[in-house]
Amino acid sequence: MSSESILIIGANGQIGLELSEALRKIYGQNNVVSADLKDLKEPQGIYERLDVLDRDRMYSIIKKYNVTQVYLLAALLSATAEQKPKAAWNLNMEGLFNVLDAAKEGLIKKVYWPSSIAVFGPTTPKKNTPQYTVMEPNTIYGISKQAGERFCEYYFQKYNVDVRSIRYPGLIGWKSAPGGGTTDYAVHIYHEALKNKKYECFLSEQTELPMMYMHDALKATISLMEAPAEKVKIRSSYNIAGMSFTPKQVADEIRKHIPEFTISYKPDFRQAIADSWPGSIDDKEAREHWGWKPDYDLSKMTDDMLKNLK
């Protein structure tokens, strides 16, 4: 019987669906509560409707289930946020304050909040972007994530809130649809390769971006949350790396399995977002502090994606 009770807010999203499943395996069905704006078609366990901006409702759910940890995944992602800047800022920041305040008030013991490589901007060094570097994001998503990092660290220093965070690269998984991010092409391309044997990419051929297979993202998230507090030395957000590749490299890898696959390129507004981000990430702090190490590279991930999507 686990003494932890976990609330996942934004549980219907790309990360949330798989994280809920993984945490249920570790902590048990009855110790994980999924919450999101809309009803789930087939909830796998305990499920509550929740708008993260509704503070009273969130507090009542925390009390009802004696929640000890909150994973806050609700956010508007990069491409969507550019269309609705004020709504994105409001959701991404107020949601975070509501959860940090619950921890500050002693209602919960531990908070997980994801940041992103979007915190970096056009002036950040592109290759092996270090943990500590110039951060001048020029997207609403990146600006809200950078502000969020500063507030997480502030709440830790000022109120001793045990908050932990990872700067996710682009995430690729086969279980759920992507949610309006700039790296979504790397999920769509596998679906289209199997279905239509061709794909039109919204980024240019040589756009290199840091990516990670969902298996590794979940592994990193859970390892960080389970690490002893004294090993978590960074309370803004940790760099983590999986692999970096271009659309052309993914297409070449897919062709090893589907030789007739073709790709064309038609960059749209997401190209400018991608151009402002790093091409590769240096994650030595995560490796040193809490033992982070990825399991998947591009070839292993491509095998697994195609096998599971078939």
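The structure we're discussing is the one just above.
So, how was this worked out
Each chain has its residues counted from 1, running along the sequence as written. A pLDDT threshold of at least 70 governs which residues receive local features in this predicted model, and a stricter bar of 80 or more applies before side-chain atom pairs are shown or counted, although totals over entire chains, interfaces and linings include all residues. Based on all heavy atoms of the structure, the side-chain values leave hydrogens and waters out of the count. A run of H or I in DSSP counts as a helix once it spans at least four residues, and a run of E counts as a strand once it spans at least two, with each numbered from the N terminus. Based on C-alpha atoms, the radius of gyration is set beside the globule rule, defined as 2.2 Å times the residue count to the power 0.38. Residue burial is assigned from relative accessible area. The probe radius is 1.4 Å, only protein chains are included, and a residue is buried under 20% of its type maximum, exposed over 50%, and partly exposed in between. Throughout, a contact is declared for two residues whenever any of their heavy atoms are within 4.5 Å. Here, Shrake-Rupley sampling with a 1.4 Å probe gives the accessible areas, and only protein chains in the shown set may cover a residue. In this charge count, Lys and Arg are treated as positive and Asp and Glu as negative; neither His nor the chain ends contribute. Charge coordinates come from a single atom per side chain, which is NZ of Lys, CZ of Arg, CG of Asp or CD of Glu. For Phe, Tyr and Trp, where Trp contributes only its six-membered ring, two rings pair if their centres lie within 6.5 Å, and the inter-plane angle classes them as stacked under 30 degrees, edge-to-face over 60, or tilted in between. Note on criteria: charge over ring means Lys NZ or Arg CZ within 6 Å of the ring centre, with the direction from the centre no more than 35 degrees off the ring normal. Strand pairing is assigned whenever DSSP identifies at least 2 bridges connecting the two strands. Buried residues of nine kinds, namely Ala, Val, Leu, Ile, Met, Phe, Trp, Tyr and Cys, make up a nonpolar core once their side-chain atoms join them within 4.5 Å. One speaks of a salt bridge when a side-chain nitrogen belonging to Lys or Arg is within 4 Å of a carboxyl oxygen belonging to Asp or Glu. Between N or O atoms, a polar contact is any pair within 3.5 Å; within protein, one atom must be a potential hydrogen donor and the other a potential acceptor, and residues adjacent in sequence are included only when both atoms are from side chains.

Peer 1: Explain the overall build of the chain to me, and be specific about the residues and the numbers.
Peer 2: Of the regular secondary structure elements, the chain holds 11 helices and 14 strands. Over its C-alpha atoms the chain spans a radius of gyration of 19 Å, differing by no more than 12% from the 19 Å that the globule rule assigns to 310 residues. A buried classification covers 56% of the 310 residues belonging to the chain. By sequence separation, contacts in the chain at least 24 residues apart represent 78% of the contacts at least 6 residues apart. Split by element, the accessible area of the chain, about 13,400 Å² in all, is 51% carbon and sulfur. Within the chain, the 39 negative side-chain charges are centred at a point lying 2 Å from the centre of the 40 positive side-chain charges.

Peer 1: Provide a residue-level description of the packing of aromatic side chains, including the pertinent values.
Peer 2: Counted by the stated rule, this structure contains nine aromatic pairs. Ring geometry for tyrosine 71 and tyrosine 112: centres 5.6 Å apart, planes at 40°, overall tilted. Of this pair, tyrosine 71 sits in strand β4 (residues 69-72) while tyrosine 112 is found in strand β5 (residues 110-112), placing the two residues 41 residues apart along the sequence. With relative accessibility at 0%, the residue tyrosine 112 sits in the buried group. Between tyrosine 185 and phenylalanine 202 the ring centres are 6.4 Å apart and the planes differ by 90°, which places this aromatic pair in the edge-to-face class. Of the two residues, tyrosine 185 sits in helix α6 (residues 185-195) while phenylalanine 202 sits in the loop between β10 (198-201) and β11 (209-213), which places them 17 residues apart along the sequence. Using a relative accessible area of 0% as the deciding quantity, one classes tyrosine 185 as buried. Phenylalanine 202 sits in the buried class, given a relative accessible area of 8%. Sitting over the face of the ring of tyrosine 296, lysine 300 holds its NZ or CZ atom 4.7 Å from the ring centroid.

Peer 1: Explain the sheet that holds strand β12 (residues 238-239) residue by residue, including any values.
Peer 2: Strand order in the open sheet formed by three strands is β6-β8-β12, and the pairing between neighbours is parallel. In this open sheet, the two strands that pair with only one neighbour each are β6 (115-116) and β12. The pairing of β6 with strand β8 (residues 166-168) spans two bridges and is parallel. Residue pairing across strands places serine 116 opposite tyrosine 168, the latter belonging to β8.

Peer 1: Break down the nonpolar core for me, with residues and values.
Peer 2: Considering soluble globular proteins, one finds that nonpolar side chains tend to be buried as a cluster. The biggest cluster of nonpolar side chains holds 68 residues, and the ones touching the most others in it are Ile172, Tyr185, Tyr190, Phe245 and Met301. Not counting chain neighbours up to four residues away, the residues in contact with methionine 301 comprise Ile172, Tyr190, Tyr213, Met243, Phe245 and Tyr296. The next biggest cluster of nonpolar side chains, apart from the first, holds 31 residues, and it includes Met212, Ala217, Ala286 and Trp290.

Peer 1: Talk me through the side chain of lysine 145; I want residue IDs and the actual numbers.
Peer 2: Note on placement: lysine 145 falls in helix α5 (residues 140-159). The side chain of lysine 145 sits in the buried core without any salt bridge; glutamate 149 is the nearest counter-charge, 8.6 Å away. Within polar-contact distance, the side chain of lysine 145 engages the backbone oxygen of proline 114 at 2.5 Å. Apart from residues no more than four positions distant in its own chain, lysine 145 is found in contact with Ala75, Trp113, Pro114, Ser115, Ser116 and Val119.

Peer 1: Pulling in residues and values, what's your account of the environment of glycine 170?
Peer 2: The topology assignment puts glycine 170 in strand β9 (residues 170-172). On the basis of relative accessibility, which here comes to 2%, the residue glycine 170 falls in the buried class.

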